[in-house]
Amino acid sequence: MAILFLDFDGVLHPEHCHESKHFCCLPVLEDALRKMPEWQVVITSTWRLQKPLDQLRERFSTDIAARVIGDTPRFNTLVDVPSTLVSYEREAECHAWLKANDLSYLPWLALDDRSWLFRPFCKSLFLVDGKTGLTATAAERLNEKVRQLL
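Residues numbered from 1 in each chain as written. Predicted model: local features only at pLDDT ≥ 70, side-chain atom pairs only at ≥ 80, totals over all residues. Heavy atoms only, no water.

Q: Just give me the short version of the pattern of salt bridges, but keep the residues and values in it.
A: Under the defined criterion, the tally for this structure stands at 10 salt bridges. With its nearest N and O atoms 2.9 Å apart, the salt bridge here joins Glu 15 to Arg 114. Placement of Glu 15 in the loop between β1 (2-6) and α1 (26-34) and of Arg 114 in the loop between β4 (108-112) and β5 (125-127) is noted, with a sequence separation of 99 residues between them. Looking at Arg 114, the relative accessible area reads 29%, which means it is partly exposed. Ionic pairing is found between Glu 30 and Arg 34, a salt bridge with its closest N-O pair at 4.0 Å. (Salt bridge = Lys/Arg side-chain N within 4 Å of Asp/Glu carboxyl O. Helix = DSSP H or I, 4+ residues; strand = E, 2+ residues; numbered from the N terminus. Buried < 20%, exposed > 50% of the residue type's maximum accessible area, 1.4 Å probe, protein only.)

Put into structure tokens, the structure is as follows:
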């Protein structure tokens, strides 16, 4: 098993796009996930702050929704954040989720468009261009990175 931490805005659709375009890149992600069946998904998107996990799962195809196993805690609720992660909110949330679920030993990737939420040169960050969201070309690179991790 491995964990993919997933952002929505800028990944599953272009950042600041019209609501009608929301999740336009989701089929690209789902196709990529079908090629990596050992990967489970954890939501890191700020959408998790407004909607319950079950509603977020409804956005996905049935087979992929079954692999959405959780969402990360809010940064302001975390205790004992390591000093090296204090300035990197999303990475700290990912580490906290892994620790809380006794899965810190697993390989993981964060699929995100905001590099500043992670430490510089974070090897677990797969950066997406927020202007386009996840493209087929980026999904191919994601699959290659996943193969290198396992």
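Still to come is the rest of the account.
Q: Let's hear about the state of the cysteines: which residues, and what values?
A: Across all of its chains, the model carries zero disulfides by this definition. No disulfide involves Cys 25; its nearest neighbouring cysteine sulfur is the one of Cys 24, lying 4.0 Å away. Overall, the relative accessible area of 6% leaves Cys 25 in the buried class. Left unpaired, Cys 122 is separated from the closest cysteine sulfur, that of Cys 94, by 8.2 Å. Exposure remark for Cys 122: the relative accessible area of 15% places this residue in the buried category. (Disulfide = S-S within 2.5 Å.)

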